[in-house]
Amino acid sequence: VVCLLGAALFIYSVYVTNVIDVQALIAQKATALAQRQAEWERLKSTKINFAALEGPAQKIVEILPMSKDLPAIFVQTEALAVKHNLFLASLDVADDKDAAAGKKRLPLQKIIINISLTGGDYFALKGFLADVEKNLRLLDVRSLAYAPDTKSFNLSLAAYFYND
């Protein structure tokens, strides 16, 4: 009886030790699983947030491009002139002299666009300026000279772009 009781006690102690170790391992794995599931949910929400920001980010790049994008300026200006029955006599693009004179190079750069238009009246110019204002690219009107007798306009605009 004593041997049987001793053997049962020995088997019970080994069993309890193994069960406690396995239970601790199960608890550790359950904690790791819960942490990974929480991280997975956070990553899924980050992906959703990133997808929601892609559209506005693309619009910002169109408003403030990453380079001068001179071909787009030429095309947009010509299209606006044709839309308002104006003739684009000349278009000159130059770097901003004030920014070039400064030694500190800022990430936001400015270029000056000088436009000469002919062939329209005041209302054509007004429509052209309204469309420049509504243009997706950020443009500031710096100066405007209108000669009604020759039906010509000289317009100076500032366009901005982001430059690393």
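Description of the structure in this document. (Residues numbered from 1 in each chain as written. Predicted model: local features only at pLDDT ≥ 70, side-chain atom pairs only at ≥ 80, totals over all residues. Heavy atoms only, no water.)

Quick look at the sheet that holds strand 4 (residues 152–162)
What holds strands together in a sheet is hydrogen bonding between their backbones, with the strands either parallel or antiparallel. Our working definition: For two strands to be treated as a pair, DSSP must find no fewer than two bridges joining them. Where helices and strands are cited, they refer to DSSP runs of H or I of at least four residues and of E of at least two residues respectively, numbered from the N terminus. Between N-to-C directions, angles cover 0 to 180 degrees, with each direction set by a line fitted to C-alpha atoms, over the stretch in contact for helices. Two residues qualify as a contact provided that any one of their heavy atoms is within 4.5 Å of a heavy atom in the partner residue.
Strand order in the open sheet formed by four strands is 1-2-4-3, with antiparallel pairing between adjacent strands. The outermost strands of the open sheet, each flanked by one partner alone, are strand 1 (87–95) and strand 3 (139–147). Neighbour-to-neighbour, the strand axes of the sheet open up by a mean angle of 15 degrees, direction not taken into account. Bridge count between strand 1 and strand 2 (residues 108–118): eight bridges; the pairing is antiparallel. Within the sheet, the bridge partner assigned to Ala94 lies in strand 2 and is Ile112. Of the strands in this sheet, strand 1 and strand 2 are in contact with helix 2 (residues 70–83), which crosses strand 1 at around 150 degrees. Packing against the sheet, helix 4 (residues 122–134) makes contact with strand 2, strand 3 and strand 4, and its axis sits at approximately 175 degrees to strand 3.

Looking at unusual backbone geometry
Short version of the rule: The buried label applies to any residue whose accessible area, calculated with a 1.4 Å probe on protein chains only, is under 20% of its type's maximum; exposed applies above 50%, and partly exposed to all values in between.
With a phi close to 55 degrees, Asp69 is a non-glycine residue in the positive phi region. In this structure Asp69 comes out as partly exposed when scored by relative accessible area, which is 34%. Here Lys151, not a glycine, exhibits a phi torsion of approximately 50 degrees, which is positive. Within the secondary structure, Lys151 is located in the loop between strand 3 and strand 4.

Quick look at helix 2
Every α-helical turn comprises 3.6 residues, leaving residues that sit three or four positions apart pointing alike. How we decide: The span one expects for a helix is its residue count, reduced by one, times 1.5 Å. Directions are taken from the helix axis to each C-beta atom, and the arc is the one they span.
Taking 1.5 Å per residue, 14 residues should reach 20 Å; helix 2 reaches 20 Å between its end C-alpha atoms and fits that length. Considered for burial, the residues of helix 2 that qualify are Ile73, Thr77, Leu80 and Ala81. All buried residues of helix 2 lie within an arc of 100 degrees about the axis, which places them on one face of the element. When the buried face of helix 2 is taken as reference, the exposed residues oriented beyond 90 degrees from it are Pro71, Val75 and Lys83. Buried residues along helix 2 sit in contact with strand 1, strand 2 and helix 4.

Overview of the nonpolar core
Worth spelling out the cut-off: To define a nonpolar core, start from buried Ala, Val, Leu, Ile, Met, Phe, Trp, Tyr and Cys residues and group those joined through side-chain atoms within 4.5 Å.
Within the largest apolar cluster, 20 residues are counted, with the highest numbers of intra-cluster contacts made by Leu86, Ile113, Ile115, Leu117, Phe128 and Leu157. When contributions to this core are tallied by element, the ones reaching two or more residues are helix 2, strand 1, strand 2, helix 4 and strand 4. Looking at this core, the element that brings in the most residues is strand 4, giving five residues. Residues within four places of Leu86 in sequence aside, it is in contact with Ala81, Leu117, Thr118, Gly119, Gly120, Ala124, Phe128 and Phe153.

Some details on helix 4
Helix length check: helix 4, at 13 residues, gives a terminal C-alpha distance of 18 Å against a target of 18 Å (1.5 Å per residue), a fit within 8%. Buried residues along helix 4 sit in contact with helix 2, strand 2, strand 3 and strand 4.

Observations concerning empty space enclosed by the protein
Quick reminder of the rule: We place a 1 Å grid over just the protein atoms. Points where a 1.4 Å probe fits but has no way out form a cavity, open points with protein on both sides within 12 Å along at least 5 of 7 lines form a pocket, and any residue with an atom within 4 Å of a point lines it. Grid points are joined across faces, edges and corners, and a volume is the space filled by probe spheres set on the points. Three categories are distinguished: nonpolar for Ala, Val, Leu, Ile, Met, Phe, Trp, Tyr, Cys and Pro, charged for Asp, Glu, Lys and Arg, and polar for the others, with Gly belonging to the last.
Scanning the entire structure with this criterion turns up one cavity of 30 Å³ or more. Volume-wise, the largest cavity comes out at about 70 Å³. Lining the largest cavity, in full, are Ile73, Gln76, Thr77, Leu80, Ile113, Ile115, Phe128, Val132, Asn135, Leu139 and Leu157. At the level of secondary structure, the elements contributing two or more residues to the lining of the largest cavity comprise helix 2, strand 2 and helix 4. By residue number, the principal contributor to the lining of the largest cavity is helix 2, which donates four residues. Of the residues assigned to the lining of the largest cavity, the class counts are eight nonpolar, three polar and no charged.

That's the geometry; what it means functionally is another story.
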